[in-house]
Amino acid sequence: MDALIKERINQVVKGDHNAFGEIVELYKDKVFQICFRMLGNRQEAEDLAQEAFVRAFVNIRSFNIDMKFSTWLYRIATNLCIDRLRKKKPDYYLDAEVAGTEGLNMYSQLASNMAKPEEEAESLELQETIQEEIMKLPEKYRSVIVLKYIEELSLKEISEILDLPVGTVKTRIHRGREALRKQLRHL
């Protein structure tokens, strides 16, 4: 796949804009997942995923063809998310009660695509709790936890994406895990 991506990048650099559409198709879901996991908001994640592709397209000539494209792209997306988190204080939470209702929160407004929600209730509650706790982590720990455990990237890839030494990534993963463990000890 790396050879295909490099070929498409060369085509884009030579002026074939349609080749970039193929790159977007290959990576759009993964970039959206990274953004969604970091931001916790579908609309913002869609916006920033799109922005990541726009920035990648605009800066494609600066991409080092000897490097892995996905790492470069994920780095752009991650940096955009970190910038958004720094600029914006959360103005609502999914667990906040919906005005005019008794006991309903925004989670109850989300559509479910599961066949048997009764059987999945405990699993969903645990996932929601973990996601909520991840969202409470400081951004430097949140980004490495999302990239390592949710996106399953290697330490080297995380290091390249965040432009940090591998040792720093390891330390942040350890401290992020410890913070999560403390936050989740009541489970």
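Residues numbered from 1 in each chain as written. Predicted model: local features only at pLDDT ≥ 70, side-chain atom pairs only at ≥ 80, totals over all residues. Heavy atoms only, no water.

- Identification of the protein chain as RNA polymerase sigma factor from Peribacillus simplex is taken from an unreviewed UniProt entry.

**Some points on the packing of helix α2 (residues 18-39) against helix α4 (residues 69-87)**
Next up, step 1: With their axes 10 Å apart at the nearest point, α2 and α4 run at an angle of 35 degrees to one another. The handedness of the crossing between α2 and α4 comes out as right-handed. Only F69, S70, L73, Y74, A77, T78, C81, I82, R84 and L85 of α4 make contact with α2, whose side of the interface consists of I23, Y27, K30, V31, I34, C35, M38 and L39. (Axes fitted to C-alpha atoms, helices over the stretch in contact; angles between N-to-C directions. Helix = DSSP H or I, 4+ residues; strand = E, 2+ residues; numbered from the N terminus. Left-handed = near helix turned anticlockwise from the far one by under 90°. Contact = heavy atoms within 4.5 Å.)

**Focus on a nonpolar patch on the surface**
Next up, step 1: Residues V54, F57 and V58 make up a contiguous nonpolar surface patch of about 250 Å² in total accessible area.
Next up, step 2: By the secondary structure assignment, F57 is in helix α3 (residues 42-58). (Patch = residues over 30% accessible without salt bridge, like charges linked within 9 Å, V, L, I, M, F, W, Y side chains within 5 Å. Areas by Shrake-Rupley, 256 points an atom, 1.4 Å probe, with all protein chains shown as cover. Salt bridge = Lys/Arg side-chain N within 4 Å of Asp/Glu carboxyl O.)

**Here we look at the confidence of the model for the protein chain**
Next up, step 1: Looking at the protein chain as a whole, the pLDDT averages 85, with 82% of positions reaching at least 70.
Next up, step 2: Averaged over each element, pLDDT in the protein chain is lowest for helix α5 (residues 117-136) (78) and highest for α3 (94). (pLDDT = per-residue confidence, 0-100.)

**Considering the nonpolar core**
Next up, step 1: Of all hydrophobic cores here, the largest spans 46 residues; its most connected members are Y27, V31, C35, F69, I158 and L162.
Next up, step 2: Residue assignment for this core shows that the elements contributing at least two residues are α1 (2-13), α2, α3, α4, α6 (139-150), α7 (155-162) and α8 (166-183).
Next up, step 3: There are two domains that each give this core at least three residues, and those are domain 1 (1-88) and domain 2 (110-186).
Next up, step 4: Among all residues touching V31, those that are not within four sequence positions of it are A49, A52, F53, L73, Y74 and A77. (Core = buried A, V, L, I, M, F, W, Y, C linked by side-chain atoms within 4.5 Å. Buried < 20%, exposed > 50% of the residue type's maximum accessible area, 1.4 Å probe, protein only. Domains from an automatic or database assignment.)

**Points about unusual backbone geometry**
Next up, step 1: The phi angle at E152 is positive, at roughly 55 degrees, despite the residue not being glycine.
Next up, step 2: Positive phi, normally seen in glycine, also occurs at D163, with a value near 55 degrees.
Next up, step 3: The topology assignment puts D163 in the loop between α7 and α8.
Next up, step 4: Judged by its relative accessible area of 56%, D163 falls in the exposed class.

**With respect to the side chain of R8**
Next up, step 1: With respect to the helices and strands, R8 occurs in helix α1.
Next up, step 2: R8 sits in the buried class, given a relative accessible area of 14%.
Next up, step 3: A distance of 3.1 Å separates a polar atom in the side chain of R8 from a polar atom in the side chain of E7.
Next up, step 4: Excluding anything up to four places from it in sequence, R8 contacts A19, E22 and I23. (Polar contact = N/O pair within 3.5 Å; in protein donor to acceptor, adjacent residues only side chain to side chain.)

**Considerations on the side chain of E151**
Next up, step 1: On the secondary structure map, E151 appears in the loop between α6 and α7.
Next up, step 2: For E151, the side chain forms a polar contact with the side chain of K30, separated by 3.2 Å.
Next up, step 3: If sequence neighbours within four positions are ignored, E151 has contacts with K30, Q33, I34, R37 and V146.

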